[in-house]
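# Tertiary structure, described
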Amino acid sequence: MTAGSTGNLIAETALGPVEYAVVGTGTPVLVVHGTPGGIDAADLMARILPREGIAAILLSRPGYLGSPLDGRTEIDQQADLLAALLDHLGHERAGVYAWSGGGPAAYRLAVRQPERVRRLVANAEVSQAYHPPDQDLATRLMFTTAPGRWLLRVLAAHQPEQYVRGALAGEGDLTDEQLTERVRQVLADPAKRDFVLDLGPTAVPDARRRAGYRNDLDRFAAITTLELERVQAPTLVVQGSADSDLPPEQSAFAAATMPDAELLTLDTGTHLALYTHPDAASAQRRVVEFLMTG
């Protein structure tokens, strides 16, 4: 193994290099980030996991940060790469905790190599053909240009209320009243506030994430079936009912199709529901208990 540019490790697996890190000790759990993302986004996801009890295996999927795309463009190739990372680390089985665009690879790992997946947490995951929601010009400029990304950093540092409001508004269908109250709640909770502010830089398709981002969208649009009916692992599906990034119908479909699945719906939750909803703490406890059971 070698050191990555960000100080994380690079595992030279049988299927190519993967940027990774292991945080905590205990039951191994693969933490699979969304679209865009990277190991920094996986690190944010892992904040809800106990450092004693779970060994969180963070990684960058191909095309993100220190994991080159290198022809590993297909969803099944990326699923097999997750198993190759487990091989590299000496784990026969692991839990899997994935969010959003990390869903297809996580689901396919559970289908293709069921003996490797002990339990699966599917947080607002892509489960069917997916096309991202339309963005207005201002939003596109904000996230896809250097001046826009600079402005995001300025807002996060100096106007956090405006930044949090924009993030929640962009990830959910909330009324003005609901949005104002949700922003107030997030700003009053340091863990929620920091999560939203820290997530921003990981969620822009900059030069270090662009290849993975574009590949994800191409592959997700072409999904015909992920064969979820073949998933054997017990699965907890988490979904916010007001998610405007991933249609809640995708999670409902997944929960109804997998043989051993439970759907946990957070009412008026956005795409960030597991981390920012008023009931986030209880939902996070449920996630941790689920991953550590069995």
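This text follows the structure it describes.
Given the structure is predicted, the values throughout are model-derived calculations rather than measurements. (Residues numbered from 1 in each chain as written. Predicted model: local features only at pLDDT ≥ 70, side-chain atom pairs only at ≥ 80, totals over all residues. Heavy atoms only, no water.)

### As for the pairing of strand β3 (residues 16-23)
- Burial analysis of β3 places seven of its eight residues in the buried class, the great majority of the element.
- By the bridge criterion, five bridges tie strand β2 (residues 9-13) to β3 in an arrangement that is antiparallel. Bridge pairing in β3 links leucine 9 to tyrosine 20.
- Hairpin geometry of β2 and β3 is characterised by an intervening segment of two residues between the two adjacent antiparallel strands.
- Taken together, the four bridges between β3 and strand β5 (residues 52-59) define a ladder with antiparallel strand orientation. Counted as the bridge partner of valine 23 is alanine 56 from β5. (Buried < 20%, exposed > 50% of the residue type's maximum accessible area, 1.4 Å probe, protein only. Helix = DSSP H or I, 4+ residues; strand = E, 2+ residues; numbered from the N terminus. Pairing = 2+ DSSP bridges.)

### With respect to helix α2 (residues 75-89)
- In this model α2 runs 22 Å from its N-terminal to its C-terminal C-alpha over 15 residues, within 8% of the 21 Å that 1.5 Å per residue would give.
- Considered for burial, the residues of α2 that qualify are Ile75, Gln78, Ala79, Asp80, Leu81, Leu82, Ala83, Ala84, Leu85 and Leu86. (Expected span 1.5 Å × (residues − 1).)

### Quick notes on helix α6 (residues 160-171)
- For α6, with twelve residues, the first-to-last C-alpha span of 16 Å sits near the 16 Å given by 1.5 Å per residue.
- For α6, the full list of buried residues reads Pro160, Tyr163, Val164 and Leu168. Viewed end-on, α6 has its buried residues packed into an arc of 125 degrees, placing them on one side of the element. (Arc of directions from axis to C-beta.)

### Quick word on the nonpolar core
- Leu30, Leu49 and Tyr97 are the most contacted members of the largest nonpolar core, which has 83 residues in total.
- In terms of residues, this core owes the most to one element, α2, which gives seven residues.
- With residues up to four places along the chain from it excluded, the contact list for leucine 49 reads Val31, Ile54, Ala56, Tyr97, Val288 and Leu291. (Core = buried A, V, L, I, M, F, W, Y, C linked by side-chain atoms within 4.5 Å. Contact = heavy atoms within 4.5 Å.)

### So, the side chain of glutamate 125
- As for its placement among the helices and strands, glutamate 125 is situated in the loop between β7 (117-123) and α4 (137-144).
- Ignoring anything within four residues of it in the chain, the contact list for glutamate 125 reads Ala98, Trp99, Ser100, Gly103, Ala106, Tyr107, Leu246, Gln250 and Ser251.

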